[in-house]
Amino acid sequence: MMLKWTWARFDDLGVHALHDALALRCKVFILEQGPYQDPDGADKQSHHLLGYDETGVLQACLRVVDPGVNYPEPSIGRVVTAKEARGNGTGRALMQEGIARCSQAWPGRDIRISAQAHLRGFYGSLGFEAVSDEYLEDDIPHVEMLRKAG
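Small disclaimer: the values here were computed from a predicted structure and weren't measured. (Residues numbered from 1 in each chain as written. Predicted model: local features only at pLDDT ≥ 70, side-chain atom pairs only at ≥ 80, totals over all residues. Heavy atoms only, no water.)

Another aspect to go through is the pattern of salt bridges. Under the definition given, this model contains eleven salt bridges. A salt bridge links R63 to D43; its shortest N-O distance comes to 2.9 Å. Within this pair, whereas R63 is found in strand β3 (residues 58–65), its partner D43 is found in the loop between α1 (15–32) and β2 (46–52), the two being separated by 20 residues in sequence. Each member of the pair, R63 as well as D43, carries the same accessibility label: buried. (Salt bridge = Lys/Arg side-chain N within 4 Å of Asp/Glu carboxyl O. Helix = DSSP H or I, 4+ residues; strand = E, 2+ residues; numbered from the N terminus. Buried < 20%, exposed > 50% of the residue type's maximum accessible area, 1.4 Å probe, protein only.)

In C-alpha cells, the structure reads:
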C-alpha cells in the first residue's frame, strides 16, 4: 500500500487531519484495546506523522514527542495502523518514515519508545533494543526500547 505522508506540528495539522488521527487512534486504542485517556498533553508538544492511502483515507499515524517532554530523547508513540492496513508492511513503512523524520529533526539523537511487549521483535527489527523490564501501561505489558543514533 502506497501512502502519502503528512508531517506536521500539532498546531499545523488542521482540524480535518487532527480529526482523522484521533478517530483512528480511538478505533484501535480505545475500541480494540480497552479504555484509557488517549489524547494527552504530549500531543501538543509533538510532530504527527499521518499516512493516507490513494483515496485519502488515513491508514496509519504516529506521534514524535519532543525531547524533554516524556524522555530526554525524542520518542515515538501512539503508533497505529487501521485494521484493514495490517499485515502488508504499512506499520513497518510508518515506523521507517517516523525514524527518518526523527533523524532529520534531531540528528545524532537516540530515539526512545514505550513498546507493547508483544511487539518487541517488530521494533527490534527496526533497530530498537529493550532497556527496561516489562511494566504495565494502561493495563497492557510494555517495555522501554532505545534506538541508538547512527
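On we go.
A word on helix α2 (residues 90–105). Between its first and last C-alpha, α2 extends 22 Å over 16 residues, near the 22 Å set by a 1.5 Å rise per residue. The set of residues buried in α2 consists of T90, L94, M95, G98, I99, R101 and C102. (Expected span 1.5 Å × (residues − 1).)

Turning next to the pairing of β3. The buried fraction of β3 amounts to eight of the eight residues, a majority that puts the element mostly inside the structure. Connecting the antiparallel pair β2 and β3 is a turn made up of five residues, with G56 showing a positive phi of about 85°. In the sheet, β3 pairs with strand β4 (residues 75–81) via five bridges, with the strands oriented antiparallel. Residue pairing across strands places A60 opposite T81, the latter belonging to β4. (Pairing = 2+ DSSP bridges.)

Attention now moves to α1. Along its 18 residues, α1 runs 24 Å from first to last C-alpha, staying within 8% of the 26 Å computed at 1.5 Å per residue. Of all the bends in α1, the largest measures some 30° and sits at C26. For α1, the complete set of buried residues consists of A17, A21, L24, R25, V28 and F29. Directly beyond the C-terminal end of α1, a positive phi value near 110° is found at G34. (Bend = angle between axes of the 7 residues up to and from the residue.)

Turning next to the packing of aromatic side chains. The relative placement of two aromatic rings is captured by the distance of their centres and the angle of their planes. By the definition in use, this model includes two aromatic pairs. On the numbers, 5.1 Å between centres and 65° between planes, the contact of F122 with Y123 is edge-to-face. By relative accessible area, F122 is classed as partly exposed at 25%. With a centroid separation of 6.2 Å and an interplanar angle of 85°, the aromatic rings of Y123 and F128 are classed as edge-to-face. Grouping residues by exposure puts Y123 and F128 together as buried. Ring pairing ties together the aromatic residues F122, Y123 and F128, which thus form one cluster. (Phe/Tyr/Trp six-rings, centres within 6.5 Å; stacked < 30°, edge-to-face > 60°.)

This part takes up the environment of H47. Examined against the element boundaries, H47 turns out to sit in strand β2. For H47, a relative accessible area of 15% corresponds to the buried category. Not counting residues within four places of it along the chain, the set of residues in contact with H47 comprises W7, A8, R9, L62, R63, V64, D66 and W106. Polar contacts involving the side chain of H47 include one to the side chain of R9, which spans 3.2 Å. (Contact = heavy atoms within 4.5 Å. Polar contact = N/O pair within 3.5 Å; in protein donor to acceptor, adjacent residues only side chain to side chain.)

Let's shift gears to the environment of W106. Relative to the helices and strands, W106 is located in the loop between α2 and β5 (111–116). Taking the relative accessible area as the measure of exposure, W106 reaches 15% and is therefore buried. Separated by 34 residues in the primary sequence, W106 and P72 place their C-alpha atoms 12 Å from one another. Not counting residues up to four positions away in its chain, the partners in contact with W106 are H47, V64, D66, P67 and P74.

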